[in-house]
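Examining the three-dimensional arrangement
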Amino acid sequence: MKADFSVGQVWKYKARPHEGESQITIVAIDSDDDFGRIVHIYVADVDIPNSKAPEGKTSFIGHLPYLEAALQESVTELVGTADSLPDFEDGYQLWKKAFEAGEAGAFEVAVAEAIKGVEENIAS
């Protein structure tokens, strides 16, 4: 899908089967000479087992940086626009500092694959 991303948009995406209601919100967009547009997303309504979380699971991912072309491959439908952005700033600022130091990049895989990676990191 050729999507024209802008901050505040809420999208459905090719979610994992048990997270069918999960949606992403575009929380920031950066431009970089080498990477092009980097679209930052917040992912709501995920179901990641996490013994350290209050309810035994993580239900959102506050920040994932994405290459625009890769995110285009995952989104399926524009749902609307958020009234206010979710809390993403801490993760974004950590990423930005690492990115500027050449120590971070952006995802190029399907959103569902990135979520699986987050789940694996939490489990280990």
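Further up the page is the structure itself.
Residues numbered from 1 in each chain as written. Predicted model: local features only at pLDDT ≥ 70, side-chain atom pairs only at ≥ 80, totals over all residues. Heavy atoms only, no water.

**Details of the pairing of strand 2 (residues 23-32)**
Examined bridge by bridge, strand 1 (residues 9-13) and strand 2 share three bridges and lie antiparallel to one another. Bridge pairing in strand 2 places tryptophan 11 opposite isoleucine 24. Across nine bridges, the pairing between strand 2 and strand 3 (residues 36-49) is antiparallel. In the strand pairing of strand 3, isoleucine 29 is matched with valine 39. (Pairing = 2+ DSSP bridges. Helix = DSSP H or I, 4+ residues; strand = E, 2+ residues; numbered from the N terminus.)

**What to know about the environment of alanine 114**
Among the secondary structure elements, alanine 114 is positioned in helix 3 (residues 111-123). You can call alanine 114 buried: its relative accessible area is 3%. For alanine 114, the contacting residues outside a window of four places in its chain are Leu64, Tyr66, Phe107 and Val109. (Buried < 20%, exposed > 50% of the residue type's maximum accessible area, 1.4 Å probe, protein only. Contact = heavy atoms within 4.5 Å.)

**Details of helix 3**
For helix 3, with 13 residues, the first-to-last C-alpha span of 18 Å sits near the 18 Å given by 1.5 Å per residue. Along helix 3, the positions that sit buried rather than exposed are Val111, Ala112, Ala114 and Ile115. Down the axis of helix 3, the buried side of the element spans an arc of 160°, and every buried residue falls inside it. Residues of helix 3 that are exposed and point more than 90 degrees away from the buried face comprise Asn121 and Ala123. Structurally, helix 3 contributes buried residues whose contacts are with strand 1, strand 2, strand 3, strand 4 (57-67) and helix 1 (68-74). (Expected span 1.5 Å × (residues − 1). Arc of directions from axis to C-beta.)

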